[in-house]
Amino acid sequence: AQSVTQPDIHITVSEGASLELRCNYSYGATPYLFWYVQSPGQGLQLLLKYFSGDTLVQGIKGFEAEFKRSQSSFNLRKPSVHWSDAAEYFCAVVPLRGFSGGYNKLIFGAGTRLAVHP
Amino acid sequence: AAGVIQSPRHLIKEKRETATLKCYPIPRHDTVYWYQQGPGQDPQFLISFYEKMQSDKGSIPDRFSAQQFSDYHSELNMSSLELGDSALYFCASSLNYEQYFGPGTRLTVT
């Protein structure tokens with residue numbers, strides 16, 4: 001079945017430590033890939049995206065993600081976490097490549113809640 | 001930069017009442033998406049509009065309807081509200097494949 005999987009429901013890291021959040025997808029063709037961040041009770045902010053080309057993409061707030069076709073993965077990384085990074089992180093895909101006109105609905109993973117210890 | 005505006009931010013309704021949620025997309029964005037996020041859940045796609053026409057439909061109950069107006073703002077109308085409709089409702093606007101989300105409307109049905 002087509003899906004987006006975030007294996008880690010909760011992750012706790014110490015401030016200053018590195019971070020990797022995992023995301024795997026299961027689609028016949030490589031979808032468009034996104035990472036969003038959501039603070040409690042807030043909207044979703046786009047961190048970064050991958051459509052094609054360079055498999056290492058840079059985003060806002062010091063985040064980066066690497067697309068690995070062989071593993072159907074799009075993992076999010078940050079070398080040094082700040083306390084303000086504590087939030088919920090969603091991996092999302094647009095399954096239909098090349099379509100426009102409102103057919104690009106996002107399919108989200110279940111999310112990973114990140115806690116940061118001082 | 002202009003962002004997506006949603007109103008109201010909070011709404012409390014009783015069962016069987018109706019609710020109307022409004023979304024004002026980023027200027028020049030031609031597509032609007034609506035999502036529902038239940039407590040502790042990921043957002044689920046409800047419906048989308050492209051150039052004021054409904055384009056795609058997800059798991060939207062028949063009790064819900066939506067439209068996009070000539071000024072591109074969109075409204076989600078919800079009737080016969082049920083307790084299970086309590087959720088965060090997001091609107092997102094898009095010009096290409098990137099979607100920009102509004103702050104959401106938190107609907108509480110009592």
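Above this text is the structure in question.
Analysis parameters
- Residues numbered from 1 in each chain as written.
- Chains lettered and ligands numbered in written order.
- Predicted model: local features only at pLDDT ≥ 70, side-chain atom pairs only at ≥ 80, totals over all residues.
- Heavy atoms only, no water.
- Contact = heavy atoms within 4.5 Å.
- Buried area = accessible area lost by both parts, 1.4 Å probe.
- Salt bridge = Lys/Arg side-chain N within 4 Å of Asp/Glu carboxyl O.
- Buried < 20%, exposed > 50% of the residue type's maximum accessible area, 1.4 Å probe, protein only.
- Helix = DSSP H or I, 4+ residues; strand = E, 2+ residues; numbered from the N terminus.
- Phe/Tyr/Trp six-rings, centres within 6.5 Å; stacked < 30°, edge-to-face > 60°.
- Polar contact = N/O pair within 3.5 Å; in protein donor to acceptor, adjacent residues only side chain to side chain.
- Core = buried A, V, L, I, M, F, W, Y, C linked by side-chain atoms within 4.5 Å.
- Pairing = 2+ DSSP bridges.
- Axes fitted to C-alpha atoms, helices over the stretch in contact; angles between N-to-C directions.
- Disulfide = S-S within 2.5 Å.

## A look at the interface of chain B and chain A
Listed by partner, the interface residues are 23 residues for chain B and 23 residues for chain A. Of the roughly 1900 Å² buried between chain B and chain A on both sides combined, carbon and sulfur atoms contribute 57%. Among the residues chain B hides against chain A, the three largest losses belong to Tyr97, Glu98 and Phe101 of chain B. Together they make up 33% of the total. The tally of links from chain B across to chain A stands at 2 salt bridges.

## Quick look at the pattern of salt bridges
Taken as a whole and assessed by the stated rule, the structure comprises 10 salt bridges over all chains. Note that Asp85 of chain A and Lys78 of chain A form a salt bridge whose closest N and O atoms lie 2.8 Å from each other. Neither residue differs from the other here; Asp85 of chain A and Lys78 of chain A are each classed as buried. Its salt-bridge partner being Arg63 of chain B, residue Glu82 of chain B comes within 3.4 Å of it at the nearest N-O pair. Here Arg63 of chain B lies in the loop between strand S6 (53-57) and strand S7 (64-68) and Glu82 of chain B lies in the loop between strand S8 (74-78) and strand S9 (87-94), a separation of 19 residues in the sequence. When salt bridges that share partners are traced, they join Glu64, Glu66 and Arg77 of chain A into one network.

## Notes on the packing of aromatic side chains
Scanning the model with the defined rule gives 19 aromatic pairs over all chains in all. Both rings, one in Phe64 of chain B and one in Tyr89 of chain B, keep their centres 6.5 Å apart while their planes meet at 65°; by these two values the pair is edge-to-face. Of the two residues, Phe64 of chain B sits in strand S7 while Tyr89 of chain B sits in strand S9, which places them 25 residues apart along the sequence. Here a set of aromatic residues connected by ring pairs shows up, and it is made of Tyr32, Phe34, Tyr36, Phe51, Phe90 and Phe108 of chain A together with Tyr33, Tyr35, Phe45, Phe90, Tyr97 and Phe101 of chain B.

## So, the environment of Trp34 of chain B
Residue and element names in this part refer to chain B. You can see Trp34 is positioned in strand S4 (residues 31-37). In this structure the C-alpha to C-alpha distance between Trp34 and Ile47, which are 13 residues apart in sequence, comes to 5.5 Å. Of note is the side chain of Trp34, whose polar atom sits 2.9 Å from the side chain of Ser74.

## Quick word on the nonpolar core
In this structure, Leu19, Trp35, Leu47, Leu48, Phe74, Leu76 and Tyr89 of chain A are the most contacted members of the largest nonpolar core, which totals 27 residues. Broken down by secondary-structure element, the contributors of at least two residues to this core are strand S2 (10-14), strand S3 (19-21), strand S5 (32-38), strand S6 (44-50), strand S8 (64-68), strand S9 (73-78), strand S10 (87-94) and strand S12 (112-117) of chain A. When residues of this core are assigned to their parent elements, the largest contribution, 4 residues, is made by S10 of chain A. Not counting residues up to four positions away in its chain, the partners in contact with Leu48 of chain A are Leu33, Phe34, Trp35, Val57, Gln58, Gly59, Phe63, Glu64, Ala65, Phe74 and Leu76 of chain A. One finds Val4, Ile26, Ala66 and Ala87 of chain B within the second-largest nonpolar core, a separate group that totals 22 residues.

## Some words on the sheet that holds S8 of chain B
Residues and elements named next belong to chain B. One open sheet holds the 4 strands; their spatial order is S1-S3-S8-S7, and the pairing between them is antiparallel. The open sheet has two edge strands, strand S1 (5-7) and S7, and neither has a second partner. The average undirected angle you get between the axes of adjacent strands in this sheet is 15°. By the bridge criterion, 5 bridges tie strand S3 (residues 19-24) to S8 in an arrangement that is antiparallel. When the sheet's bridge partners are listed, Lys22 is paired in S8 with Glu75.

## Structural notes on the state of the cysteines
Throughout the structure, instances matching the rule amount to 2 disulfides over all chains. Covalently, Cys23 of chain A is tied to Cys91 of chain A through a disulfide, its sulfur atoms 1.9 Å apart. Handedness here is read from the sign of the S-S torsion; for Cys23 of chain A and Cys91 of chain A, about -65°, the answer is left-handed. In this pair, Cys23 of chain A sits in the loop between S3 and strand S4 (24-26) while Cys91 of chain A sits in strand S10, placing the two residues 68 residues apart along the sequence. With a sulfur-sulfur separation of 1.7 Å, Cys23 of chain B is cross-linked through a disulfide to Cys91 of chain B.

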